Amino acid sequence: MATRAAQNCESMDDVRVEIDRIDEQMVDLICERFAYVDRAWQLKKSPADATVPWRIQQVIDKVRARAEKNELPPELVEALWRQMIGWFIQYEEENLRKESKG
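The structure presented is a predicted model; accordingly, all values stated were derived computationally and were not measured. (Residues numbered from 1 in each chain as written. Predicted model: local features only at pLDDT ≥ 70, side-chain atom pairs only at ≥ 80, totals over all residues. Heavy atoms only, no water.)

**Examining helix α2 (residues 53–69)**
We apply this condition: Put simply, DSSP H or I for four residues or longer makes a helix, DSSP E for two residues or longer makes a strand, and each gets a number counted from the N terminus. One less than the residue count of a helix, multiplied by 1.5 Å, gives the span that helix is expected to have. Whether two residues are in contact is decided by their heavy atoms: any pair within 4.5 Å suffices.
Its 17 residues place the ends of α2 24 Å apart at the C-alpha level, agreeing with the 24 Å of an ideal helix rising 1.5 Å per residue. Structurally, α2 contributes buried residues whose contacts are with α1 (12–43) and α3 (74–101). Following α2 by one or two positions, E71 adopts a phi angle in the positive range, close to 55°.

**Description of a nonpolar patch on the surface**
Threshold: Exposure above 30% relative accessible area and the absence of a salt bridge qualify a residue for a patch, where like charges join within 9 Å and nonpolar side chains (Val, Leu, Ile, Met, Phe, Trp, Tyr) within 5 Å. Computed by Shrake-Rupley with a 1.4 Å probe, the accessible areas treat only the displayed protein chains as cover when residues are assessed. Any carboxyl oxygen of Asp or Glu that lies within 4 Å of a side-chain nitrogen of Lys or Arg is treated as forming a salt bridge with it. A simple rule labels every residue: compare its accessible area, found with a 1.4 Å probe on the protein chains alone, to the largest value its type can have, and call it buried under 20%, exposed over 50%, or partly exposed in between.
Side chains of L72, L76 and L80 sit close together on the surface and give an oily, nonpolar patch of about 260 Å² of accessible area. When you line up the elements, L80 lands in helix α3. For L80, a relative accessible area of 47% gives the class partly exposed.

**Side note on the packing of α2 against α3**
Cut-off, in case you're wondering: Between N-to-C directions, angles span 0 to 180 degrees; the directions come from axes that are lines fitted to C-alpha atoms, helices contributing only their stretch in contact. Should an angle lie under 35 degrees it is considered roughly parallel, over 145 roughly antiparallel, and from 65 to 115 roughly perpendicular; all remaining angles are considered oblique. Crossings are assigned a handedness: left-handed for a near helix turned anticlockwise from the far helix by less than a right angle, right-handed for a clockwise turn. Any residue outside Ala, Val, Leu, Ile, Met, Phe, Trp, Tyr, Cys, Pro, Asp, Glu, Lys and Arg is labelled polar, Gly included; the first ten of those are nonpolar and the last four are charged.
Interhelical geometry of α2 versus α3 gives an angle of 150° and a closest axis separation of 9 Å. The pairing of α2 with α3 is recorded here as roughly antiparallel in orientation. For α2 against α3, the interelement crossing comes out right-handed. Each of I56, Q57, V59, I60, V63, R64, A67 and E68 in α2 lies in contact with α3, whose residues at this interface are P74, E75, V77, E78, W81, R82, I85 and I89. Looking at the contact of α2 with α3 residue by residue, the class counts come to 10 nonpolar, 1 polar and 5 charged.

**Remarks on the packing of α1 against α3**
Direction vectors running N to C along α1 and α3 enclose 35°, while the axes themselves pass 9 Å from each other. In the packing of α1 onto α3, the handedness of the crossing is right-handed. Contacts between α1 and α3 involve I30, R33, F34, V37, D38, A40 and W41 from the first element and W81, M84, I85, W87, F88, Y91, E92, N95, L96 and E99 from the second. Grouping the amino acids of the contact of α1 with α3 by side-chain chemistry returns 12 nonpolar, 1 polar and 4 charged.

So this is what it looks like as structure tokens:
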């Protein structure tokens, strides 16, 4: 099915179809990102290794810049990424704790 630009949507049904299409793609991309997070914890040594402040800031700076370039509120993108990063850090810490208990 061809995508429809937002300005070409003529009804709420059209808008919803496009939002659903985008949501599906976003979930697929988060799934792909998760696979790398899943591998990352396996390469780390301890739960303390899950939080890398300089890397978190680097990621936030990059997504904020990308948002600004695309005229999207950078505060929105930062909030979403901080939530996602926080969840991933917790996931890594839990797996690293389990592994250290053997």
